[in-house]
Amino acid sequence: MSNHKSLITSHSPLTVASVRPLLTTRTLGRTLHLLNETTSTNAIALALAQEGAEHGTVVTAEVQTAGRGRLGRHWHSPAGENLYCSVILRKIEIELQWRGMCWIPLVSAVAAARAVEAISGLTPALKWPNDLLLGARKLGGVLCESSGLGSKGGFDQHGFVIVGIGINVNTPRDAFPGDLRDIATSLAGETGRQFDRAALLAALLEALEHRYEALLAKQSTGVEEEYRKLCATVGRRVRIELAGGERMEGRADAILEDGSLRIVRDDAHAGVMVEIRAADVVHLR
Ligand code: BTN
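Remember, predicted model here, so these are calculated numbers, not experimental data. (Residues numbered from 1 in each chain as written. Predicted model: local features only at pLDDT ≥ 70, side-chain atom pairs only at ≥ 80, totals over all residues. Heavy atoms only, no water.)

Comments concerning helix H2 (residues 41-50)
Point 1. Restricting attention to buried positions, one finds in H2 the residues Thr 41, Asn 42, Ala 45, Leu 46, Leu 48 and Ala 49. An end-on view of H2 places all buried positions within 165° of arc, on one side of the element.
Point 2. Where H2 starts, the residue carrying a side-chain oxygen 3.2 Å from the main-chain nitrogen of Asn 42 turns out to be Ser 40.
Point 3. Count one or two residues on from H2 and you reach Gly 52, which has phi positive near 105°. (Buried < 20%, exposed > 50% of the residue type's maximum accessible area, 1.4 Å probe, protein only. Helix = DSSP H or I, 4+ residues; strand = E, 2+ residues; numbered from the N terminus. Arc of directions from axis to C-beta. Polar contact = N/O pair within 3.5 Å; in protein donor to acceptor, adjacent residues only side chain to side chain.)

Here we look at the nonpolar core
Point 1. Membership of the largest hydrophobic core comes to 66 residues, with the highest contact counts inside it found for Leu 83, Trp 128, Ile 167, Tyr 227, Ile 240 and Leu 261.
Point 2. The element best represented in this core is helix H3 (residues 98-120), accounting for 14 residues. (Core = buried A, V, L, I, M, F, W, Y, C linked by side-chain atoms within 4.5 Å.)

Details of the sheet that holds strand E11 (residues 273-276)
Point 1. Read across the sheet, five strands follow the order E11-E10-E9-E8-E12 without closing on themselves; strand pairing throughout is antiparallel. Single-partner strands in this sheet number two, and they are E11 and strand E12 (280-283). Averaged over all neighbouring strand pairs, the angle between strand axes comes to 45°, with direction disregarded.
Point 2. Strand direction decides the pairing type here: strand E8 (residues 237-241) and strand E9 (residues 247-255), joined by five bridges, are antiparallel. Each residue of the ladder has a partner; that of Ile 240, found in E9, is Met 248. (Pairing = 2+ DSSP bridges. Axes fitted to C-alpha atoms, helices over the stretch in contact; angles between N-to-C directions.)

Set out below in structure tokens:
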């Protein structure tokens, strides 16, 4: 006999009725905007934050028509299959200065990985700075956008960060478009199973709240260590592709205290150490 629960399929849209009962958070998700179609949940969250939306406000969409990826890229966002979620983080003035700020994108990736682990048993590795990988394929990513950065690296009182997280959940592996087919994956693609996006969203908000509060409490050492443990980049040969087109190769050597990646070059500038703040990283063999 079917019960009410079995009627909620993995393709059911995210609704307040399906998400709210699963939330264990204190502040993240107190206000939920669970949209059907939008351009980009980050764009909506930015607009809401500029109008004064509270800390922890969450925006999701079933489909994004202009999903944003890092470095100006497009984020593939088909309808009804995956998680596209943006969270407004505030409370960052004074308490959360330079070091904590730098770590928000990185600990957001940790939270996403832990949420995936909680619902699927699979633990994604992280590619610096904040890609989620299963094997060599990309499962998800994080795009942080901020406003109100003060002169000392902290935030003014109206400052906020939008944490945008995309996780490929139920897209069949062969349904990715040609340019992504060999480099992207989903939980369904890896396991042959379908996953409940409401449960994933609840696990994500819980994991993110926990780690953001650690940053606010200036107890970042634990979450920094957790990031370093999940990060598959350190110790590998990598190619760094900078926004201006410059490339370099070498061995990733360390994640520094501001979250940047240090590499020791082994190309034409062998032995030179470089600290990378923002770039695309390719793991080489
Ligand atoms: C990346 O390039 O790896 C980051 C991808 C981030 C995608 C998410 S989906 C939800 C949120 N809204 C967006 O437009 N982008 C982020």
